[in-house]
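Descriptive analysis of the structure
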Amino acid sequence: MGYMRTALLLAAMTGLFLAVGYVIGGQTGVIFAFGMALVMNLFTYWNADKIVLRMYRAQPADGHPLEGIVAGLAQRAGLPTPKVYIIDNDQPNAFATGRNPENAAVAATTGLLRMLNRDEIAGVMAHELAHVKNRDSLTMTITAVLAGAIGMLANSLLWLGMMGGRDERNNPLGAIGSLVVMLLAPLAAMLVQMAISRGREYEADRVGAEICGQPRALASALNKISQGAEVIDNDMAEANPATAHLFIVNPLHGRTGDSLFSTHPHVANRIERLLAMETAGNPANFAAAPRPATRRSRIPTIDRRSGPWG
């Protein structure tokens, strides 16, 4: 997904928000609901990195070789070197957080560092730096603001109806229309939010492959991480599913397909595009790569039981 499609989805989310406000009617209620959602999400935006890192008990990677890998990739990408953290978790995974490149952090689990080789780790870190470079935290915060506002407005419809505070004669859609909007608007907002999140993963794969210069290493890493995530629990992520979209591969179980409610594209789709990108010999061809004809990865599984620092 390119930036244009992301912009269109954000516009659709905004339109949905305005539509719910129109059904409710009163300007005061719309402004109040939006203001509350804005304050809540702005607080999250400014403090998300600290909240998430504390949530996963991430520790600074002081003196760890991972710092050198990230520093080299950041220099290559023209970015300030982010803070580097390690999470004591057996599930192989990684994420980036922070409101902008100057206040960014990347984190990798001990499971990832044990499972992947150095080139694969570099591919994963390049993917996370791509999120930083693309300012995906800002994009997802905007969608969170709008989705949260839509949910609050839909809830206000329910409460107004229960309290008898609505005059259905002034409601342009009537009681049935209000009920439909109340039920479907949050669902529609969530679907748009998921679509934007999946699109950002494809774009981070493309830019990450450009940064590290090895699409196949990133593809191999995705294959290993997805296999590990399927069989190794991440209890902290399961307890905080709202953070699932941050990770390079969905840390939650039970979401193996490219479904409407998935925060990530299917890994096989991502691998196929990366391999096509390598075959074309030009990272720019990633976006134009054909969609995969199969969901089975062609990346061979490497029997490596411990990473470079295992």
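Residues numbered from 1 in each chain as written. Predicted model: local features only at pLDDT ≥ 70, side-chain atom pairs only at ≥ 80, totals over all residues. Heavy atoms only, no water.

Right, let's get into the overall build of the chain. Counting its regular elements, the chain contains 10 helices and 4 strands. In the chain, which comprises 310 residues, the share counted as buried stands at 51%. In the chain, 71% of the contacts between residues at least 6 apart in sequence involve partners at least 24 apart. Here the chain has roughly 14,700 Å² of accessible surface; of this, 59% comes from carbon and sulfur atoms. (Helix = DSSP H or I, 4+ residues; strand = E, 2+ residues; numbered from the N terminus. Buried < 20%, exposed > 50% of the residue type's maximum accessible area, 1.4 Å probe, protein only. Contact = heavy atoms within 4.5 Å. Areas by Shrake-Rupley, 256 points an atom, 1.4 Å probe, with all protein chains shown as cover.)

The next subject is the pattern of salt bridges. For the coordinates displayed, the defined rule picks out 8 salt bridges. Taking the shortest distance from any N to any O, the salt bridge between R114 and D90 comes out at 2.7 Å. You can see R114 sitting in helix α4 (residues 110-115) and its partner D90 sitting in the loop between β2 (83-87) and β3 (94-97), a full 24 residues away along the chain. Its relative accessible area of 34% is what places R114 among the partly exposed residues. Where R200 meets D136, a salt bridge forms, and the shortest distance between an N and an O atom there is 3.4 Å. Here D136 lies in helix α6 (residues 136-163) and R200 lies in helix α7 (residues 174-212), a separation of 64 residues in the sequence. If you follow the salt bridges from partner to partner, you end up with E201, D205 and R270 in one network. (Salt bridge = Lys/Arg side-chain N within 4 Å of Asp/Glu carboxyl O.)

A separate point is the packing of helix α5 (residues 118-133) against helix α8 (residues 215-231). Running from N to C, α5 and α8 cross one another at 90 degrees; their axes reach a closest spacing of 8 Å. On the basis of the axis angle, α5 is roughly perpendicular to α8. Residue-level inspection shows D119, E120, G123, V124 and H127 of α5 in contact with α8, the latter providing A217, L218, S220, A221, K224 and I225. (Axes fitted to C-alpha atoms, helices over the stretch in contact; angles between N-to-C directions. Parallel < 35°, antiparallel > 145°, perpendicular 65-115°, else oblique.)

Taken as a whole, this structure holds 3 aromatic pairs when the rule is applied. Look at Y56 and F95: their rings are 5.9 Å apart centre to centre, the planes differ by 55 degrees, and that puts the pair in the tilted class. Residue Y56 is found in the loop between α2 (27-55) and β1 (59-60), and its partner F95 is found in strand β3; the two are separated by 39 residues along the sequence. Like Y56, the residue F95 is buried in the burial classification. (Phe/Tyr/Trp six-rings, centres within 6.5 Å; stacked < 30°, edge-to-face > 60°.)

We now examine the pairing of β3. Side chains A94 and A96 of β3 all project onto a buried face; the interleaved residues F95 and T97 project onto the opposite face, where all are buried too. Here β3 runs beside strand β4 (residues 105-109); their pairing, made up of 4 bridges, is antiparallel. Pairing of A94 across the sheet is with A108, part of β4. (Pairing = 2+ DSSP bridges.)

Below, the discussion takes up the nonpolar core. As a rule of thumb, soluble globular proteins bury nonpolar side chains together. Counting residues in each nonpolar core, the largest one holds 44 residues, and the members touching the most others are L66, L73, L112, I121, V124, M125 and L222. Examining the composition of this core, we find that 8 residues originate from one element, α5, more than from any other. Once you skip the residues sitting within four places of it in the chain, V124 turns out to touch A94, L112, L116, L218, A221, I225 and I248. One finds V52, A105, L246 and F247 within the second-largest nonpolar core, a separate group that totals 15 residues. (Core = buried A, V, L, I, M, F, W, Y, C linked by side-chain atoms within 4.5 Å.)

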